[in-house]
Structures are given as structure tokens and as C-alpha cells.
2 protein chains.
Amino acid sequence: MKAYDVVVIGGGPAGSITAGTAVSYYPDKSVLLVKDHKQGMVPCGIPYTFHDIDVDGNIVKPKGKPPFDVLVDTAESLDLESRRIKLAGGEELEYQRLVLATGSTPKVPGWLPGRDLEGVFYVEKSVPSLRKVNEMVAGRKRVVIIGGGFIGIEVAEQLRKDGHEVTVVELLPHVLATAFDDEFCVEAEEILAGMGVELVTGARVTEIIEGEPLAVKLEDGRELPCDAVGLSVGYAPNSKLGVDAGMKTGPYGALAVDEYMRTSSPGVFAVGDCCERVHFATRRPVPVMLASTSTAEARLAGANLFELKISKSVTGTIAIFSTAFGGRTFAAAGITEQEAAREGFELVTAEAVSPDHHPGTLPGTVKQKVKLIAMRASGTILGAQASGASSVGELINMLGLAIQHKLTVSDLLTSQIGTHPLLTAPPTTYPVTKAAEQIVKRTVCA
Amino acid sequence: MKAYDVVVIGGGPAGSITAGTAVSYYPDKSVLLVKDHKQGMVPCGIPYTFHDIDVDGNIVKPKGKPPFDVLVDTAESLDLESRRIKLAGGEELEYQRLVLATGSTPKVPGWLPGRDLEGVFYVEKSVPSLRKVNEMVAGRKRVVIIGGGFIGIEVAEQLRKDGHEVTVVELLPHVLATAFDDEFCVEAEEILAGMGVELVTGARVTEIIEGEPLAVKLEDGRELPCDAVGLSVGYAPNSKLGVDAGMKTGPYGALAVDEYMRTSSPGVFAVGDCCERVHFATRRPVPVMLASTSTAEARLAGANLFELKISKSVTGTIAIFSTAFGGRTFAAAGITEQEAAREGFELVTAEAVSPDHHPGTLPGTVKQKVKLIAMRASGTILGAQASGASSVGELINMLGLAIQHKLTVSDLLTSQIGTHPLLTAPPTTYPVTKAAEQIVKRTVCA
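Residues numbered from 1 in each chain as written. Chains lettered and ligands numbered in written order. Predicted model: local features only at pLDDT ≥ 70, side-chain atom pairs only at ≥ 80, totals over all residues. Heavy atoms only, no water.

What to know about the overall build of chain A
Logical step 1: A count of helices and strands for chain A gives 10 helices and 22 strands.
Logical step 2: The dimensions of chain A, computed from C-alpha atoms along their principal axes, are 70 × 60 × 40 Å.
Logical step 3: In chain A, which comprises 446 residues, the share counted as buried stands at 59%.
Logical step 4: Taking the contacts inside chain A whose residues are at least 6 apart along the sequence as the reference set, 64% of them involve residues at least 24 apart.
Logical step 5: Taken as a whole, chain A presents about 16700 Å² of accessible surface, with 50% of it coming from carbon and sulfur.
Logical step 6: A gap of 4 Å separates the mean positions of the 43 positive and 53 negative side-chain charges of chain A. (Helix = DSSP H or I, 4+ residues; strand = E, 2+ residues; numbered from the N terminus. Buried < 20%, exposed > 50% of the residue type's maximum accessible area, 1.4 Å probe, protein only. Contact = heavy atoms within 4.5 Å. Areas by Shrake-Rupley, 256 points an atom, 1.4 Å probe, with all protein chains shown as cover. Lys, Arg positive; Asp, Glu negative; His and termini not counted. Charge placed at Lys NZ, Arg CZ, Asp CG, Glu CD.)

This is the structure we're talking about:
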């Protein structure tokens, strides 16, 4: 039986960053990464394999030998008492520290008739299954995507670019509605419609009907004939390995962890989509599943495996989303106005729009829109949303940082920024500053 | 004699934002803006009038009537005792609050023979002079720019794009050397050289020699023949109006102000390039002249004219620069490593490089480089530099915010970020996080 100081289970971003971080903080410890598949991939790049790149272009090409051992095998069971792992290949491993980074898999709606028909696909995070899905969909003209979240929309856009007829069906009144307030969702829907993606929102799917063609049946009786159906209704944490061994889980079935990513079992950490996350503002469990969140957890766990060296400056999980389609970027950080209102926050919000170059006569200028959501009395920023050109992808990280560090609208208003004609909105109408100013004025002059 | 509650002198970004802010916080007060020229312009857009846009495209087109009165005239003198302003047009104005926003003008090197020759130009911030310079330069093939700061480089790039032969002469060992450390300067120089801009660094100009052609003479005896010479050796504060009236100035001749932008004279505020700035880290006077800094001051002054309503969350001035040429963006916030070392800070720095899309096979992927400069013991971030695609223009604002709010490298390391294949570096190698991590590791493992 092999023994390691550290065994990490899971070859995604969370697992590999934890293993690498462990080596660099604890160079004398032996570290093993166990992963199911030889080939890793960039999970966020998966939608783009439907057009912009091919599957091989999305495979992670290791730069030289990793600084830790790697074993391609599947962990079958854990014995937390004796600190042992049983592998599908028959081997056993002994560990001092175990890190579960087993990720998430697409939710399969067990209640949906037709979910397993030929032509129905899920966006799984493995190279073989992605290859299969790509090949299957390539020959089918009409595709219905069930679920208008980020993955659903990105896959829809790529399939459309690839020449398919694409329809997205969303249960909520708008696509992307968990990350954005209505006004941004509407803007996104207009862009998707402009690309020829058909949107059916506020619609419940009741069945996928077998036949040639297939059909997606809605609660109101409508049937959408199609040649393939993509199911993109969220991801569920892969916590079974831990659960079977007796580990504690949270309300949505992910492994419970503390602020240092320690689970309830001594010596066992969990990171990434398989571990429970708590919303930074509502303090409720929140199934955010983002590689950026996972890698932040991985860096923390890796550093803290044998000694608690680093504490988070932020308690709780903040989702920072960004995406781009039809040449427009949408990004959000923190809580939406609608969700915050439901939670009972007393809010004040503001939106500002500006050209994103200055003067606006410069080639390539587009409008940039920023919305801020703040607590009325303290001015604490709880959420931000933005749309514009690709620079919005980093602009949201500034707002994400502000939210995490509990800055107020007055902090944002008086913070100095950098502007440049070719790169940003003008200093006179920089929309982050202008939105913050509107909120401050409204509060001061109320 | 006309009397106003508020008189603002200066029609640049600082003046107009102060006037607008004053109206919105104090709707019952009468506000007058006095400006020298009818037509305003986007100051940062001036270099781009040499190629990307024309002068008219850079003129600020007012959207409707401003919410304050405007008078085109020049303030000749102030009587601070009686609170009166004498205008060149002969009129007198009375004020309750006066805001000086008189800006800056290009430094004219009085010691330089030939500085007034036909064919020698300065980058002045007025429409008529810019029009004249543009016309003059258009017909001249070989242009030497003296001064390799931001303005000098941007004008050089534009003239090159316009078909001129361009040489930049810089006194310091590198161009852009006050904002960037050597490694970024060298990268910038390579890009400029690749565009065909000739760079002569570490060279002192001693004379501009009259003749056809003109020639720029260097201390080492070299002569650079040319048809036009641009002088871009910094800007000096226009503080004369205040100084003549007895107002206090700081070490570099700008008007002394406190944290609320109040000058030494009761009822008188100063904002923008004409007022003194104190460096956030060294606490020394620092002649940063940026519209983004000026507008932040203007918003503060406008809100605080009659009551102190808003305090800065950051004391001191932080320069956040960005620019782009040859398709590459360079940006910096805070202090450089070289300047911080000279000042006596105990430093630790790190640099990280990553593709700015993920996977890196996505079209349009370029390398993004980030450097962080932090205080060794506390981890406080003092400076940041970055190069990459245009997204770096907003990325630097995240780092600027971190510096202003005294975040540490550990804060950056554990902060959650948003990443997206088409928009940012991957979460696994996001260079801000990676540079922060290197510093933390080096400190922990030292």
C-alpha cells in the first residue's frame, strides 16, 4: 500500500491547484493527485468547443511534469478512521491529509420523461463525453437547449454560430435571471434574438417526446420539434464519496467545510464544487459553481493543510460571473436587486451609462452600463452588474473586490480611477463613479 | 456687478464636474462657470487628433444646456477679501464660494535655445492651438518628440500611424520611466521600435538648431535633423491667478489644499492640475496631472462647498495610468519598485504572466503580465503594473482600488475573482492572484 502525506482526489482546477499549492508551501511532503481521466480540460471552455475551438484545443496541455505524483484511477471508498482510500483499480492509499475535489456533474431531471433519449445531451466535464456530444450534435440541425443559465446561453450562441437552429427554453421569466436583474436580462435577450437564437421564457418543460424529429413539450401544450435537446439545468455536487464515508453535508448536499476548507472529518479538506458554499451577504447556503471560486478555495486549502497559514479576508462566497455573446459582454458580482429585496435588504440602486472610450467618436466606442446595489443606511455595496465591450470582464473584478471588502458607495465615489481614451469610459462619466454618486446623492438629499 | 453663490473658474473636466456637482448637491445655489474658450475638448483625447480622430471629433459637444450658467471670459485677478473676481472683459463678479480649476499648461524649457522656432510645438489644451499644431505638423515629414512620457509616446505613435518619421528623445534611461519599472519600459520600447518609432533614451537635448531642416542637438554632440519638434516635458500648474491674490502654494507651485479641496483662503477651493497633490504612499508633493484625478477632486469639492458632506476614503493622490500603442496596453497604479526603493520602503515584488483567454487556443489570446509591489512586513500593496490587451485598462482599476484601500497581498490572494474564457486569464493562472501568491509564499517561507 502506498502512503502519501497528501492525497487530492479530483483532477479539475480545484484539485490541481490544491496539489500544486500544497507542494509549494510544504516542499517536504509527498503529494498525490488522483484523477478519473488522463486528459484534463478547461471546464469554462467547454461551450466554445461547439464552434470557436475544437475539443482538442480545450484539453489542458501540461507544461512539463507536475511537481506532484499523479495517478489515473477512481476513488471508490474512504475509510476516514484509518485514513485510507480504496481505488477502483484495486489499490489502496494511505494519507495524512485528504482533499476532496470531486467537482460536480450536470443535474439530470429525474422527473422528465425522455431525458435519456438518443439525441438528448448534457454538458459533462470530461473529454470523452464532450467528444461524443460534439459529434452527435454536429449532424443535427435544430437544437433545443433546456435551461437559459450561463452554460445554456453560451452553448446556444456557439451552436448558432455553427449554423444550427437554436431555441432556448427557460423556466424563469428571463434568461440569466439568477445573476442579473430584468433590465440586463432583457438586453441579453435582445442580443440573442438578434443572432437568431429563439427564446422561450417562463416556460416549463414537461416531456421530451420520442420520434423523428424529437419534440420538447411545454406545460402550455406547445411542442418544439427538434433534432437534439441539450439539458443545462445546473450542476450537482459530487459529494457521494464523502457522504458514503459518513461526512457531513449541507442543505444542498455538498460537503460541509469551515472557513479554512476543513470538513467535519479530521485531516480531510474539501474544495471546489463538491463543498458547501455560504453566500457572503445572505449567509445562506448557495450552490455557486464556478472555477474561479474553486481555485480560490484550493489556494486556501493547499496553504492550510498542515498549519493554518492563511485566512480568508472575506467570509462567504461571492459569485462573480461574466460572459460574452453577440459581441457584447455581461458581468455581475454579488447579489441582484431582486434577490436582495426578497431577502429583506433595504436597498438603494442606481444605473449609469457612458461611452466606453473618450471622446465617443473614437472607433470601437460602445455604451457601457453599470448598476450598483447598496444597503441604504450604510451604503455597503452588495451587488453590481455591467454590460459593454470585453473590458467589462475586468471591470466586474474591481466591483467584486469592492463588494468583498465591504466598501461603500462613498468609497467608490471618492476612489481614484485610471482612464484612457482607447480603454475606458471618460473620467467625467465613468459609470462606476456615476452610479455610486447617484446613490450617495439620493441618500444625502433624501 | 453680478453675484453668484458659486463661481468656478476653468472649463476643463475639473471645472465642469465641480459646477455640475455643486448644482446637484445644492440645487438652491446659483452657480457660474467661467471659461477661457467657448469650445471644450477631451484633454486625454488630444494625442489621438494626430491620426485616429480629427480635432472636431475631440470637441466636447454639450448635451443640452448645462444646469449652471456659463460665461466665456478670462479671470484676471481676485480680491479674496471682498470675494470679487475681475474679468478680462471688464466685468466684476461676486462669489460666496470660489473654485479655482485653472488647470495646467505645457512646460516650456526656458533654458533651451530654439524652443520658439517655427516648427516647434507644444501639446496645449485648447482647440485653436491644437488646430494650428495639427496643420503645421501635417506637412512635415520628420518629427522629433522631446520627452518620452505618456503624452510624448502617444503623440509619437499617432504621428507614426499618420506616416511621419518619428524620433522620441528621452532624458531618462527609458521611456515611461516615471510610471513603470524597467521591464515594462523595455517591453513598451520594443513595441514602439516595432512600429518604426526611433527611440533615443538617456539623452539630454541641448539645443534646437534653426535651419531647413531643423535639428535637435544632444549633449553627446549628435544632431537629429527633422522638420518639426514636439516638446512634451510635462505640465505646470496654472496657479498664477491664486498666487497673485496671495494664496499659498506647495513645493511645485500648485495651490495648497486640504483633504476637502479647501485652499488657505476662506471660501476658496481648488481642484485639478492647479492644486497641490500629495502622494498616497510617500506623502510628498507629487505633480500627477490626470483628468481622472481631477474629476475625483471635483466631485469632492462640489459636494463640500457649503457643508462638508463627503470625506475621501483615501488620503493622498494615487496615480493610475493606462495607455495603448501598437495594439498593446500598459497600465500602472501607485508607486514603482524603483521609486519605492529610493524612498526607503522594504519591498517584496512578484510578476506573473498568463494567457488572457482560456484555453489559450481561443482566437485573440495574448499574454498578460502583472507585477505587484508590496511592503514586506505588512504585505500592503503599494504599486502594480500590467501589460496585455485592452482589458488591462480596467484590470488596473481593480489594483488601484486595492492599493487605495490598503489591501494586502493576502487579501488579493484570497479574494474571489470572475473569469471567463473570452474575457480574462484562467482562474488557475489569473496573474493578479498568482503574483500575490508568490509574494505571500516568499514571505511565509522566508
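From this point, the discussion proceeds with the structure in view.
Some points on the domain arrangement of chain A
Residues and elements named next belong to chain A.
Logical step 1: Split by domain assignment, chain A resolves into domain 1 (2–36 + 73–105 + 236–304), domain 2 (120–233) and domain 3 (327–444).
Logical step 2: Measuring from the centre of the C-alpha atoms in domain 1 to the corresponding centre in domain 3 gives 35 Å.
Logical step 3: Summed over both sides, the interface between domain 1 and domain 3 buries roughly 480 Å², with carbon and sulfur atoms accounting for 63% of that surface.
Logical step 4: Joining domain 1 to domain 3, the criterion identifies 1 salt bridge.
Logical step 5: Residue R284 pairs with E343 through a salt bridge whose shortest N-O separation is 2.9 Å.
Logical step 6: At the junction of domain 1 and domain 3, the tally comes to 1 residue pair in polar contact (both at pLDDT 80 or more).
Logical step 7: Class assignment of the residues belonging to the side of domain 1 that touches domain 3 gives a composition of 2 nonpolar, 2 polar and 1 charged. (Domains from an automatic or database assignment. Buried area = accessible area lost by both parts, 1.4 Å probe. Salt bridge = Lys/Arg side-chain N within 4 Å of Asp/Glu carboxyl O. Polar contact = N/O pair within 3.5 Å; in protein donor to acceptor, adjacent residues only side chain to side chain. Nonpolar A, V, L, I, M, F, W, Y, C, P; charged D, E, K, R; others polar.)

A look at unusual backbone geometry
A negative phi angle characterises most non-glycine residues, just as the trans form characterises most peptide bonds.
Logical step 1: In this structure, A:P359 follows A:H358 across a cis peptide bond, with omega equal to -5 degrees.
Logical step 2: Note that A:P359 resides in the loop between strand 20 (347–355) and strand 21 (367–375).
Logical step 3: A cis geometry characterises the amide bond from B:E212 onward to B:P213, with omega recorded as 5 degrees.
Logical step 4: With respect to the secondary-structure elements, B:P213 resides in the loop between strand 12 (205–209) and strand 13 (214–218).
Logical step 5: Unlike most non-glycine residues, A:L176 shows phi in positive territory, near 55 degrees.
Logical step 6: The phi angle at A:M261 is positive, at roughly 75 degrees, despite the residue not being glycine.
Logical step 7: Looking at the secondary structure, you find A:M261 in the loop between helix 5 (240–244) and strand 17 (268–270).
Logical step 8: With a relative accessible area of 2%, A:M261 lands in the buried category.

Concerning the packing of helix 10 (residues 431–444) of chain A against helix 1 (residues 13–25) of chain B
Logical step 1: The geometry of helix 10 of chain A relative to helix 1 of chain B is characterised by a closest axis approach of 10 Å and an angle of 30 degrees between their N-to-C directions. For the pair formed by helix 10 of chain A and helix 1 of chain B, the contact residues are A:E437, A:V440, A:K441 and A:V444 on the first element and B:T21, B:S24 and B:Y25 on the second.
Logical step 2: The residue makeup of the contact of helix 10 of chain A with helix 1 of chain B, split by class, is 3 nonpolar, 2 polar and 2 charged. (Axes fitted to C-alpha atoms, helices over the stretch in contact; angles between N-to-C directions.)

With respect to the packing of aromatic side chains
Residue and element names in this part refer to chain B.
Logical step 1: Under the defined criterion, the tally for this structure stands at 14 aromatic pairs over all chains.
Logical step 2: Each ring, one from F50 and one from F121, has its centre 6.2 Å from the other, and the planes form 40 degrees; the classification is tilted. Taken together, the residues F50 in the loop between strand 2 (31–35) and strand 3 (69–72) and F121 in strand 8 (residues 120–122) connect sequence positions 71 residues apart. In terms of burial, F50 and F121 fall into one category: buried.
Logical step 3: Here the aromatic rings of F150 and F180 are separated by 6.2 Å at their centres, their planes lie at 50 degrees, and the arrangement is tilted. With F150 in helix 3 (residues 150–161) and F180 in the loop between strand 10 (165–170) and helix 4 (182–194), this pair connects stretches of sequence that are 30 residues apart. (Phe/Tyr/Trp six-rings, centres within 6.5 Å; stacked < 30°, edge-to-face > 60°.)

Observations concerning the pattern of salt bridges
All names here are of chain A.
Logical step 1: In this structure the tally under the stated criterion is 46 salt bridges over all chains.
Logical step 2: E219 serves as the salt-bridge partner of R204, at 3.7 Å between the closest nitrogen and oxygen. Of this pair, R204 sits in the loop between strand 11 (198–201) and strand 12 (205–209) while E219 sits in the loop between strand 13 (214–218) and strand 14 (223–226), and the two are 15 residues apart along the sequence.
Logical step 3: Bridged by salt links that share partners, the residues K125, D273, R277 and E297 form one connected network.

Brief notes about the sheet that holds strand 15 (residues 228–231) of chain A
Residues and elements named next belong to chain A.
Logical step 1: An order of 8-15-9-10-11 is seen for the 5 strands of this open sheet, with the pairing classed as parallel. Where the open sheet ends on each side, the last strands, each with one partner, are strand 8 (120–122) and strand 11. Here the average twist between neighbouring strands, direction ignored, is 20 degrees.
Logical step 2: Note that strand 8 and strand 15 share 3 bridges and pair parallel. (Pairing = 2+ DSSP bridges.)

Quick notes on the environment of B:V444
Logical step 1: Structurally, B:V444 can be placed in helix 10 (residues 431–444).
Logical step 2: Sequence separation between B:V444 and B:M247 is 197 residues, and the spatial gap between their C-alpha atoms is 51 Å.
Logical step 3: Not counting the four nearest positions on each side in its chain, B:V444 is found in contact with A:Y25 and A:K309.

Thoughts on the relation of the copies chain B and chain A
Logical step 1: The two copies are related by a screw operation: chain B maps onto chain A through 180 degrees of rotation and 0.0 Å of translation along the axis, at an RMSD of 0.0 Å. Such a combination of rotation and displacement between the chain copies is what one expects of a two-fold axis.
Logical step 2: An overlap of 100% is found between the interface residues of chain B and their copies at the interface of chain A, pointing to a shared contact surface. (Least-squares fit on C-alpha atoms with pLDDT ≥ 70 in both.)

What to know about the pairing of strand 15 of chain A
Strand residues, when the strand is regular, have side chains that alternate between the two faces of the sheet.
Residues and elements named next belong to chain A.
Logical step 1: Residues of strand 15 alternate between two faces, with A228 and G230 on one and V229 and L231 on the opposite face, all of them buried.
Logical step 2: Pairing of strand 9 (residues 142–146) with strand 15, which is carried by 4 bridges, proceeds in the parallel orientation. Each bridged residue has a counterpart across the sheet, and for I145 the counterpart in strand 15 is G230.

Description of helix 2 (residues 127–138) of chain A
Residue and element names in this part refer to chain A.
Logical step 1: If you check helix 2, its first and last C-alpha atoms are 16 Å apart, about what 12 residues at 1.5 Å a residue would give, namely 16 Å.
Logical step 2: For helix 2, the complete set of buried residues consists of V127, S129, L130, V133, N134, M136 and V137.
Logical step 3: On its buried face, helix 2 sits against strand 8, strand 9, helix 3 (150–161) and strand 15. (Expected span 1.5 Å × (residues − 1).)

So, the confidence of the model for chain A
Logical step 1: In this model, chain A carries an average pLDDT of 96, and 100% of its residues clear a pLDDT of 70 or more.
Logical step 2: Scored as a complex, the prediction yields pTM 0.96 and ipTM 0.95. (pLDDT = per-residue confidence, 0-100.)

What to know about helix 4 (residues 182–194) of chain A
Logical step 1: Spanning 13 residues, helix 4 of chain A covers 18 Å between terminal C-alpha atoms, matching the ideal 18 Å at 1.5 Å per step.
Logical step 2: Following helix 4 of chain A by one or two positions, A:G196 adopts a phi angle in the positive range, close to 90 degrees.

Focus: the side chain of B:S239
Residues and elements named next belong to chain B.
Logical step 1: In this fold, S239 is placed in the loop between strand 16 (235–237) and helix 5 (240–244).
Logical step 2: From its side chain, S239 meets the backbone oxygen of G253 in a polar contact 2.5 Å long.
Logical step 3: Apart from residues no more than four positions distant in its own chain, S239 is found in contact with G253, A254, L255 and C274.

A look at the interface of chain B and chain A
Logical step 1: The interface of chain B with chain A comprises 78 residues on the first partner and 78 residues on the second.
Logical step 2: Taken over both partners, the interface formed by chain B and chain A buries close to 6400 Å², and the fraction arising from carbon and sulfur atoms is 63%.
Logical step 3: When the buried surface of chain B facing chain A is broken down by residue, B:R299, B:E394 and B:Q416 rank first, second and third, together holding 13% of it.
Logical step 4: Across the contact surface, chain B and chain A share 2 salt bridges.

Side note on the nonpolar core
Logical step 1: If you look at the biggest cluster of nonpolar residues, it comprises 168 residues, and the most contacted ones within it are A:I9, A:I85, A:L100, B:I9, B:I85 and B:L100.
Logical step 2: With residues near it in sequence (within four places) discarded, A:L100 still touches A:I9, A:L78, A:L241, A:G242, A:M247, A:L255, A:V268, A:F269, A:A270, A:V271 and A:C274. (Core = buried A, V, L, I, M, F, W, Y, C linked by side-chain atoms within 4.5 Å.)

Focus: the side chain of A:T293
Logical step 1: For A:T293, the location among the structural elements is in helix 6 (residues 291–304).
Logical step 2: Once you skip the residues sitting within four places of it in the chain, A:T293 turns out to touch A:R277, A:V288, A:T317, A:I318 and B:Q416.

Describing the sheet that holds strand 14 of chain A
Residues and elements named next belong to chain A.
Logical step 1: An order of 12-13-14 is seen for the 3 strands of this open sheet, with the pairing classed as antiparallel. The sheet terminates laterally at strand 12 and strand 14, the two strands that pair on one side only. Along the sheet, successive strands turn relative to each other by an average axial angle of 20 degrees, direction set aside.
Logical step 2: Where strand 13 meets strand 14, 4 bridges bridge the pair, whose relative direction is antiparallel. Residue pairing across strands places V216 opposite L224, the latter belonging to strand 14.

Structural notes on the environment of B:P266
Residues and elements named next belong to chain B.
Logical step 1: The residue P266 is located in the loop between helix 5 and strand 17 (268–270) in this model.
Logical step 2: P266 sits in the exposed class, given a relative accessible area of 62%.
Logical step 3: Taking the C-alpha atoms as reference points, P266 and L300, 34 residues apart in sequence, are found 17 Å from one another.

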